[in-house]
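# Working through the structure, step by step
Given next are the chains, with one letter for each unit.
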Amino acid sequence: MVAISLDNPAVQSYIVYTAILAVKLLLMSPLTGFSRVKRGVFANEEDAKKGGGKVKFDDPVVERIRRAHLNDLENIPAFWVLGLLYLTTGPATAWATLLFRVFTISRIIHTIVYAIVPLPQPARGLAFMGAAFVNLYMGAQVIMYYITAI
Amino acid sequence: MVAISLDNPAVQSYIVYTAILAVKLLLMSPLTGFSRVKRGVFANEEDAKKGGGKVKFDDPVVERIRRAHLNDLENIPAFWVLGLLYLTTGPATAWATLLFRVFTISRIIHTIVYAIVPLPQPARGLAFMGAAFVNLYMGAQVIMYYITAI
Amino acid sequence: MVAISLDNPAVQSYIVYTAILAVKLLLMSPLTGFSRVKRGVFANEEDAKKGGGKVKFDDPVVERIRRAHLNDLENIPAFWVLGLLYLTTGPATAWATLLFRVFTISRIIHTIVYAIVPLPQPARGLAFMGAAFVNLYMGAQVIMYYITAI
């Protein structure tokens, strides 16, 4: 086992990509908000009153952004925890950093092709799978490494 | 870089506010549950059968609580990870503690004015933005601090 | 306070159960995906075109899996953070490990009886409460331990 040291370049890489992913996730809220205002569709009466629109739950553009947002919630927090635990198994720095980069870039592409410039499949599917592979790989490595503690 | 030491008052502050936010988030489930039973609206046949109500997905009160819950999921886990990473950048204790307090109080107010005693805007908007500012500020600080590890 | 040491068996137990829960959570996505393909119901036009089905948001089987997935998001990330913080309060190894096991098994049962082999209540309710008890117990312990840092 390898302690998490802030001097370790793999740990620093984990930190910066984790923060980038968190900011990217948080920016989905204003993206939804701007889209709601632009299209005049809101989820609450008080918002519709203030924004001069109406309450509507099936606007295709807004719902698409919301699905992208939910998909982030289904994948990014798992990365945060698996990435950290994976570092305790002592991976090579270059390999760990590559995994973190692939995950981060995949999730950014996922949002772009899902919610910003919708593209035909398999664009979104490939971006999803690139990130999911990294998560599942790290999860399997962590489980195998610590399996005796089960 | 600053190691995360449990003797550090800022770290202890992070821990207690993180735990308060986790409990607050978890309490959204019974809040939804009580509201479902009271209003007799459920998401599953087996629940409606047990609770003596019907399956319904557009009850305004229940859906409002569910939106507040989802909004928590969109913001609180990001705080957990950004708050921890922010501590590694060595912020002043009083400043970090203030940020954690602002975030926690903003999220509690957000839930109250969204799901418990619905208030006109901008009540919810301000509570949302208070917490979002803290998250985005910490995220930007962490990214700038570790940018060379990108 | 007790530093988080990777040599501590309770910490190793936390790590392996956290990773198992993360993988379990991630597998909800392919479970949803297979169910969508099998039933020919999709959330996006581009997916329906590729999969040869139609866009539909109220398929009972798919929506049931999605509710199980969302319920995971409402409970598992809170475990990740509360379990780690709880370890800093120095619990007995056997007790902490028991809590982690109860949480993990409860969440796996929850998914099975919710989304895979739907059972009448109180099957799902008991599984939910087993996990929620562990989370709320750990949250209360952490808050009481660090309450002076509030």
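Quantities reported herein were computed from a predicted structural model and do not represent experimental measurements.

Criteria and thresholds
- The residue count restarts for each chain, going from 1 along the sequence in the order it is written.
- Just so you know, chain letters begin at A and ligand numbers begin at 1, following the order they were written in.
- Restriction of local features to residues with pLDDT of at least 70 applies here, the model being predicted, together with a cutoff of 80 or more for giving and counting side-chain atom pairs; totals for whole chains, interfaces and linings are based on all residues.
- Numbering of helices and strands runs from the N terminus; a helix is a DSSP stretch of H or I covering at least four residues, while a strand is a stretch of E covering at least two.
- For the radius of gyration, the atom set is restricted to C-alpha positions; the globular benchmark scales as 2.2 Å times the number of residues to the power 0.38.
- Counting other C-beta atoms within 10 Å of its own, a residue is labelled buried from 20 upward, exposed at 12 or fewer, and partly exposed in the gap between, with every C-beta atom placed from the backbone.
- By the criterion used throughout, residues are in contact when their C-beta atoms, derived from the backbone, lie within 7 Å.
- Only Asp, Glu, Lys and Arg are considered charged, only Ala, Val, Leu, Ile, Met, Phe, Trp, Tyr, Cys and Pro nonpolar, and every remaining residue, Gly among them, polar.
- All copies are superposed by least squares; the fitting set is the C-alpha atoms of residues with a pLDDT of at least 70 in both.
- Whenever a helix is involved, its axis is fitted only over the stretch in contact; in every case the axis is a line through C-alpha atoms, and angles between N-to-C directions fall within 0 to 180 degrees.
- Any angle from 65 to 115 degrees is called roughly perpendicular, while one under 35 is roughly parallel, one over 145 is roughly antiparallel, and all others are oblique.
- When the near helix sits turned anticlockwise from the far one by under a right angle, the crossing is termed left-handed; a clockwise turn instead gives a right-handed crossing.
- Per residue, pLDDT captures the predictor's confidence, and it can take any value from 0 to 100.
- Working rule for helices: expected span equals 1.5 Å times residues minus one.
- Bending is quantified residue by residue as the angle between axes fitted to the seven-residue window ending at that residue and the seven-residue window starting at it.

## Observations regarding the overall build of chain A
Assigned secondary structure in chain A consists of six helices and two strands. The order of helices and strands in chain A, counted from the N terminus, is α-α-β-α-β-α-α-α. Computed over C-alpha atoms, the radius of gyration of chain A comes to 19 Å, more than 25% over the 15 Å expected from 2.2 N^0.38 for 150 residues, which places it beyond the range of a compact globule. With the principal axes as the frame, chain A shows a C-alpha extent of 55 × 30 × 30 Å. Each of the 150 residues in chain A was classed as buried or not, and the buried ones make up 44%.

## Describing the interface of chain B and chain A
With 24 residues of chain B at the interface, the matching set in chain A holds 22 residues. Secondary-structure elements contributing two or more residues to the side of chain B that touches chain A are α4 (60-87) and α6 (123-145) of chain B. In terms of residue count, α4 of chain B provides more of the side of chain B that touches chain A than any other element does, eight residues in total. Here the residues of the side of chain B that touches chain A are counted per class, giving 18 nonpolar, four polar and two charged.

## Quick look at the relation of the copies chain B and chain A
At an RMSD of 0.0 Å, chain B and chain A line up after a rotation of 120 degrees and a shift of 0.0 Å along the axis. Such a turn and shift between the copies fits a three-fold axis. A distinct binding surface is used by each copy, with only 8% of the interface residues of chain B retained as interface residues in chain A.

## Some remarks on the packing of helix α1 (residues 9-26) of chain C against helix α4 (residues 60-87) of chain C
All names here are of chain C. Where α1 contacts α4, the two axes come as close as 11 Å, and the packing angle between them is 170 degrees. Compared by their axis directions, α1 and α4 come out roughly antiparallel. Once α1 is placed against α4, the crossing between them reads as left-handed. Here Ala10, Val11, Tyr14, Thr18, Leu21 and Leu25 of α1 come into contact with α4, specifically with Asp72, Ile76, Phe79, Trp80, Gly83, Leu84 and Leu87.

## Considerations on the interface of chain C and chain A
Taken together, the contacts link 22 residues of chain C with 24 residues of chain A. Taken together, the elements giving at least two residues each to the side of chain C that touches chain A come down to α1, α3 (45-51) and α4 of chain C. When residues in the side of chain C that touches chain A are grouped by element, the largest group, 12 residues, is from α1 of chain C. Tallied by class, residues from the side of chain C that touches chain A come to 14 nonpolar, five polar and three charged.

## What about the confidence of the model for chain A?
On average, residues of chain A carry a pLDDT of 96, and 99% of them reach 70 or more. Note on the complex model: pTM 0.97, ipTM 0.96.

## Considerations on unusual backbone geometry
One can expect most non-glycine residues to show negative phi and most peptide bonds to be in trans. The peptide bond linking Gln121 of chain B to Pro122 of chain B adopts the cis configuration, its omega dihedral lying at 10 degrees. For Pro122 of chain B, the position within the fold is in the loop between α5 (93-116) and α6.

## Things to note about helix α4 (residues 60-87) of chain A
Residue and element names in this part refer to chain A. Across its 28 residues, α4 extends 40 Å between first and last C-alpha, which sits within 8% of the 40 Å expected from 1.5 Å per residue. At Leu73, α4 is bent by approximately 30 degrees, the largest bend along its length, and proline Pro77 sits one to four residues beyond. For α4, a buried count of 22 out of 28 residues is recorded, marking the element as mostly surrounded by other parts of the structure.

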